[in-house]
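# A closer look at the structure
Listed here are the chains, written in short residue letters.
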Amino acid sequence: QVQLVESGGGLVQPGGSLRLSCAASGRIHSIVSMGWFRQAPGKQRDLVASVTYGGDTNYADSVKGRFTVSRDNADNTVYLQMNSLKPEDTAVYYCNVNGRTTYYDTFNSWGQGTQVTVSS
């Protein structure tokens, strides 16, 4: 099993910054991709940003230029630096990691979610 532990959410004023972290542990043979999704009340869970083992990144259009996703392959940790935050960024943010637990078996794990609230 692969466990994810998230940290870094909270309350911030518009224009402020937050940094989310997510550490993966457990039976990990290899990681393909790590990323962040978010879900606002009454809405579906959407991709925010992701990064592959090789460092290729993908961002939602709404966060391009404001958010930066990065990973530490040695520690199996993914980060989301969020700058110039807007009220519409308010949501529960979920870490997602997928990869292999063995050469043959894959996994797709989710974090417990961390609340990000942008409000004055």
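Let me begin by describing the structure that accompanies this report.

Scoring rules and cut-offs
- Residues numbered from 1 in each chain as written.
- Predicted model: local features only at pLDDT ≥ 70, side-chain atom pairs only at ≥ 80, totals over all residues.
- Heavy atoms only, no water.
- Core = buried A, V, L, I, M, F, W, Y, C linked by side-chain atoms within 4.5 Å.
- Buried < 20%, exposed > 50% of the residue type's maximum accessible area, 1.4 Å probe, protein only.
- Helix = DSSP H or I, 4+ residues; strand = E, 2+ residues; numbered from the N terminus.
- Disulfide = S-S within 2.5 Å.
- Salt bridge = Lys/Arg side-chain N within 4 Å of Asp/Glu carboxyl O.
- Contact = heavy atoms within 4.5 Å.

## Digging into the nonpolar core
The nonpolar side chains of soluble globular proteins are, as a tendency, buried together. Counting 30 residues, the largest nonpolar core has Trp-36, Leu-80, Met-82 and Tyr-93 as its most contacted members. Going through the elements one at a time, strand E1 (2-7), strand E3 (18-26), strand E4 (30-39), strand E5 (46-52), strand E7 (67-72), strand E8 (77-82), strand E9 (91-100) and strand E11 (114-118) are the ones with two or more residues in this core.

## Digging into the state of the cysteines
Inspection of the entire model under this criterion finds 1 disulfide. One disulfide bridge connects Cys-22 with Cys-95, the sulfur atoms lying 2.1 Å from each other. Judged by the sign of its S-S torsion, about -80°, the bond between Cys-22 and Cys-95 is left-handed. With Cys-22 in strand E3 and Cys-95 in strand E9, this residue pair connects regions lying 73 residues apart in the sequence.

## Description of the pattern of salt bridges
Enumeration according to the criterion identifies 3 salt bridges in this entry. Across the pair Lys-64 and Asp-61 runs a salt bridge whose closest N-O atoms are separated by 3.1 Å. Comparing Lys-64 with Asp-61 shows no difference in burial state: the two are exposed. Residue Arg-66 pairs with Asp-89 through a salt bridge whose shortest N-O separation is 2.7 Å. Remark: Asp-89 occurs in the loop between E8 and E9 and Arg-66 occurs in the loop between strand E6 (57-59) and E7; sequence separation between them is 23 residues. As far as burial versus exposure is concerned, Arg-66 and Asp-89 are alike and both buried. Each of Arg-38, Arg-66 and Asp-89 takes part in one network of salt bridges that share partners.

## As for the environment of Gly-111
Here Gly-111 lies in the loop between strand E10 (106-110) and E11. Beyond its immediate stretch of four places on either side in the chain, Gly-111 contacts Leu-4, Glu-6, Tyr-94 and Cys-95.

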